[in-house]
Each structure stands twice: as structure tokens, then as C-alpha cells.
Amino acid sequence: MGLAGCCLAWQRHFRGQAFSWEDAGFARASSRVAAGLINPVTGQNFSPSWRLGEFLPEACEFYGRVAELLGRRIWHPLPVWRLVGEKEWAKVSGKLEAASPWIESVTEDALPGWRAVVVLRGGGRVATREFCEGTQRFFEAARRDLAEGEDEVMCEGAAGLIAGRLGKHRCAKGEILTVRAPAWSQERISIGGGGWLVPLGEGMFKAGSTYVWEPLDALPTVAGRERIEGILRLLGGDDQFEVIVHEAGIRPIVRKSQPVIGQLDDARVVFNGLGSKGSLYAPGVAARLNAWLEGGGSIDPELDLAGLR
Ligand SMILES: Cc1cc2nc3c(=O)[nH]c(=O)nc-3n(C[C@H](O)[C@H](O)[C@H](O)COP(=O)(O)OP(=O)(O)OC[C@H]3O[C@@H](n4cnc5c(N)ncnc54)[C@H](O)[C@@H]3O)c2cc1C
């Protein structure tokens, strides 16, 4: 199971509702490689993520609750340092006011090579792989093939979108490196120059990422590695790193990183489109989907896949 399926499983478990699950174990699954970063204010536009004030507290509470049941930490809050170059600064400086609830500090001309450092609050890392593997183990007894007549919720990620489940999609392949760099700071997430560097503890980091629309395979490439090594030098500050793993996956994108839920004409239910922000949105969207499955009113119109038609 990926983030979507795992979050839905927990939301049902928390409410004492029965379910079973199956998973094809696709290599391209995004949750297998994701860095788990939650960055409150994102992109070249430096805008707070969609409905952040609602989904972020829900996600933090959710991961905390799951961590207690799994007996391991899942959510690692960390300051996010957005490193802003000279060219970007004109735009970013004009957006600071709108993002102010998420800004801890702004320092100009403090780091060589960067025009400013904006320190963001509310961000951190979800230990995505540990979360998904731990969830699968926790619910192992509920693993079985779908029986006839049972309701089906498809949390298929990019595989479902590529199969045409929702028509047009914008899935994007991403490559990522896991590196060892004992001298680098583990105290912050760094974002800048089109990439990010996320500490994992014990001298390890994840860094990424590339963003390409084809081919949509899970094959790491030489060009991808070179690009991320460039990001590592930019954000880590020197050459003192050792590449441990180089992986690729496919982000399930329908409309940017705004997820979709709802029912297809054949009555099957879909939970997909987590894009680049599965860690932030999966818990809250799973809760809304589950409430609707249990007869709790209509689907949030901003999430409803009916809006895609
Ligand atoms: C390089 C990279 C870095 C990323 N970094 C981040 C990050 O830092 N922060 C963040 O929030 N997001 C990040 N993402 C995005 C994040 O990974 C996704 O938003 C999220 O993992 C999507 O989860 P999902 O469950 O929808 O899909 P998936 O992870 O793809 O899971 C789908 C699951 O369904 C199974 N499946 C598919 N079809 C079938 C079928 N027909 N029958 C049975 N099983 C099936 C698959 O085997 C898989 O286990 C990143 C993505 C990439 C590629």
C-alpha cells in the first residue's frame, strides 16, 4: 500500500470499521521512494500549500497517533530553510506578507551565494517508507483478495492514472538520491535552486528531485543523478557526500497536487492525485473519503472527481 491506501486503512481502524486490502507491489509506486517532505510554502510562486491550515494539523495529529500504535516515530518536525537566489528574490519578497503565518524569520545576505534565507515553520519529514511498511505489517491479517460484491476503493497512485482511470493525467517521474554526509547539518530541511535536501538522521539525507513527463518508468538515469548531485553541492555546501541509493518513482498527478476522491461510473471508488504532496494531504483526504463512504453527506466539492468531468 502507498500513502493513500495506508491512510485510509488507519482512518477505518480508528473508527472500528472493517476492511481488507491487497497490493500489486508496483515498482513505480511513489511512496516507495518519497522523501516525505512537508513544506508549508512551496514553488517558484512561494505560496502556502492549498488548504494548508486545515490539512497540516490533521496530518500531524494523525502521524502522531499512528506512531504510538506502530511504536516508532513517523513525523519529524524540522525548520524549512528556503534559500532564495538573487533573481528569485524580487518575486519571493513580494509574497512574504501572504505567507507570514508560516514564516519564522527572513535574513538577507547571510549565506554566501544566496540573496536571502526564509525560515519556515510547520514543516518536517514523514518517514514514508517506515509508515507504509509498518502499516502493512500492522494490518497483515486483513490482507486478502477482494471478494465478490464488496465495495472497492482504488488507491493506485500513478499506476491507476496511467491506466486511464481518470482520463487525462499529468504524472511526472522523479529521481532521488539517498546520501551519507556526516558533516552536514541534520537540523533543517534546505530548499533552493529547484531542489531539496532532507535529513534522515545519523548522517543520512535524501535529495531531489527531477521532474519529467516521459518516459514514465522507474529507472534511475545518469542525467538524473548528475542533476541531483548538483543540487547536493548547492544545498549541502561541499563535495563531502557518498551516494548510497539512487531511485526513481512516479508522482500521481491529476491537477497539480490537489487530490481527488469519488465514485466512477462502474461504482468503484477512487483516491488518487496526491501529486508531490502526499505526506500533507493523504491523512485528511482519507478521513473525508471515509466519512463519505460511511454515509456522511456529500464529497467536499474541491476534492470530488466529478469536478474533473
Ligand atoms: C522522487 C519523488 C519524491 C517525492 N517526494 C515527496 C516528498 O518529499 N513529500 C511528499 O509529500 N510527496 C513526495 N512525493 C510524492 C508522494 O510520493 C506521493 O504523493 C504519494 O506517495 C502517492 O501515494 P499513493 O498511495 O497515491 O500512490 P503510490 O505510492 O504509487 O501507491 C499506490 C499503491 O497501489 C498499488 N497498486 C497500484 N495499482 C494497483 C492495482 N491495480 N491493484 C493492486 N494494487 C495496486 C501499488 O503497488 C502501490 O503500492 C515524491 C514522489 C517522488 C516520485
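Every value quoted in this text rests on a predicted model; they were computed, and no experiment measured them.

Asker: Help me out: how do you make sense of the overall build of the protein in this one?
Answerer: Helix and strand counts for the protein stand at 7 helices and 16 strands. For 309 residues, the compact-globule estimate of 2.2 N^0.38 gives 19 Å, and the C-alpha radius of gyration of the protein, at 19 Å, lies within 12% of that figure. Viewed in the frame of its principal axes, the protein has a C-alpha envelope of about 65 × 40 × 40 Å. Taken over 309 residues, the protein has a buried fraction of 49%. Sequence-distant contacts, at least 24 apart, represent 74% of the contacts inside the protein between residues at least 6 apart.

Asker: What exactly am I supposed to notice about the sheet that holds strand 10 (residues 172–180) here?
Answerer: Hydrogen bonding along the main chain pairs the strands of a sheet, whether they run parallel or antiparallel. Strand order in the open sheet formed by 8 strands is 6-7-5-11-12-13-10-14, with mixed pairing between adjacent strands. Bordering the open sheet on either side are strand 6 (103–108) and strand 14 (242–251), each of which pairs with just one other strand. Each neighbouring strand pair of the sheet contributes to a mean axis angle of 20°, computed without reference to strand direction. Where strand 10 meets strand 13 (residues 204–208), 5 bridges bridge the pair, whose relative direction is antiparallel. Counted as the bridge partner of Thr178 is Lys206 from strand 13. Running at roughly 115° to strand 5 (residues 80–84), helix 3 (residues 86–93) makes contact with strand 5, strand 6 and strand 7 (116–120) of the sheet.

Asker: What is the right way to read the site of the ligand from this model?
Answerer: The immediate surroundings of the ligand are formed by 32 residues, with Asp23, Phe26, Ser30, Ser31 and Gly275 found nearest. Between the ligand and the protein, one listed contact pairs an oxygen atom with a backbone N or O atom of Leu3 at 3.1 Å. In the environment of the ligand, an oxygen atom lies 3.1 Å from a nitrogen or oxygen atom belonging to the backbone of Gly36. Look at the ligand: alone it shows 1,000 Å² of surface, and the protein chains cover 91% of it. Only helix 1 (3–14), strand 14 and helix 7 (278–293) provide two or more residues apiece to the shell around the ligand. Per element, the largest residue contribution to the shell around the ligand is 3 residues, and it comes from strand 14. Looking at the shell around the ligand residue by residue, the class counts come to 15 nonpolar, 13 polar and 4 charged.

Asker: Looking at this structure, I do not really get the state of the cysteines. What am I missing?
Answerer: Here the structure, examined in full by the defined rule, presents 0 disulfides. Free of any disulfide, Cys60 has its nearest cysteine sulfur in Cys7, 13 Å distant. A relative accessible area of 26% means that Cys60 is categorised as partly exposed. Free cysteine Cys171: the closest other cysteine sulfur is in Cys155, separated by 15 Å. Look at Cys171 and you get buried, because its relative accessible area is 1%.

Asker: Mind showing me how you'd approach unusual backbone geometry here?
Answerer: In most cases, non-glycine residues show a negative phi, while peptide bonds are predominantly trans. Gly208 connects to Ser209 through a cis peptide bond whose omega is -5°. Assignment of secondary structure puts Ser209 in the loop between strand 13 and helix 6 (222–236). Cis geometry marks the peptide bond from Glu214 to Pro215; its omega dihedral reads 0°. In this structure, Phe46 takes a positive phi of about 50° despite not being glycine. Following the sequence through the fold, Phe46 ends up in the loop between strand 2 (41–42) and strand 3 (47–48).

Criteria and thresholds
- Residues numbered from 1 in each chain as written.
- Predicted model: local features only at pLDDT ≥ 70, side-chain atom pairs only at ≥ 80, totals over all residues.
- Heavy atoms only, no water.
- Helix = DSSP H or I, 4+ residues; strand = E, 2+ residues; numbered from the N terminus.
- Rg over C-alpha atoms; globule rule 2.2 N^0.38 Å.
- Buried < 20%, exposed > 50% of the residue type's maximum accessible area, 1.4 Å probe, protein only.
- Contact = heavy atoms within 4.5 Å.
- Pairing = 2+ DSSP bridges.
- Axes fitted to C-alpha atoms, helices over the stretch in contact; angles between N-to-C directions.
- Near = heavy atom within 4 Å.
- Polar contact = N/O pair within 3.5 Å; in protein donor to acceptor, adjacent residues only side chain to side chain.
- Areas by Shrake-Rupley, 256 points an atom, 1.4 Å probe, with all protein chains shown as cover.
- Nonpolar A, V, L, I, M, F, W, Y, C, P; charged D, E, K, R; others polar.
- Disulfide = S-S within 2.5 Å.

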